[in-house]
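In case you want the letters, here they are:
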Amino acid sequence: ELGRLEQAEAENRAVLQARTRVLGADHPSTLASRSNLAAVLRELGRLEQAEAENRAVLQACTRVLGADHPDTLTSRSNLAAVLDALTENDSELPD
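What counts and how
All residue numbers refer to position in the chain's written sequence, counted from 1. Totals for whole chains, interfaces and linings use all residues, but because this is a predicted model, local features are given only for residues with pLDDT of at least 70 and pairs of side-chain atoms are given and counted only at 80 or more. The basis for every side-chain value is the complete set of non-hydrogen atoms in the structure, without hydrogens or water. Working definition: helices are DSSP H or I runs of at least four residues, strands are E runs of at least two. Numbering for both runs from the N terminus. Helix span is expected to be 1.5 Å times the residue number reduced by one. Any residue under 20% of the maximum accessible area for its type is buried, any over 50% is exposed, and the rest in between are partly exposed; the area is computed with a 1.4 Å probe on protein chains only.

**Student:** Would you explain helix H2 (residues 28–43) in this entry?
**Tutor:** Think of an α-helix as turning once every 3.6 residues; residues three or four places apart then point the same way. Taking 1.5 Å per residue as the helical rise, H2 with its 16 residues ought to reach 22 Å, and the 23 Å between its terminal C-alpha atoms agrees with that figure. The complete set of buried residues in H2 reads Thr30, Leu31, Ser33, Ser35, Leu37, Ala38, Val40 and Leu41. Following H2 by one or two positions, Gly45 has its phi on the positive side, about 85 degrees.

**Student:** What am I meant to see in the environment of Ala32 here?
**Tutor:** Within the secondary structure, Ala32 is located in helix H2. Classification of Ala32 by relative accessible area gives partly exposed; the value is 34%.

Below, the structure written as structure tokens:
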């Protein structure tokens with residue numbers, strides 16, 4: 001499964017790069033690609049990277065779409081899920 005997740009990461013990065021070039025960094029489709037990348041990073045266990053990506057997506061969505069837009073709210077939810085996973089990881093660490 002790890003190999004497929006790494007392939008998914010590579011594909012998501014390629015799509016993100018293309019969308020950024022063609023549509024611009026703040027286009028909703030580009031932001032969706034960033035969110036997809038963050039989801040794969042989370043699945044790979046790279047939670048700090050996923051958190052950073054989700055924070056960037058949330059900031060851009062808030063600026064571009066507004067705080068109450070459904071995509072912005074989804075971004076907030078995605079960030080919350082990563083923060084929850086980070087908290088779970090912290091509680092699993094030995095003292």
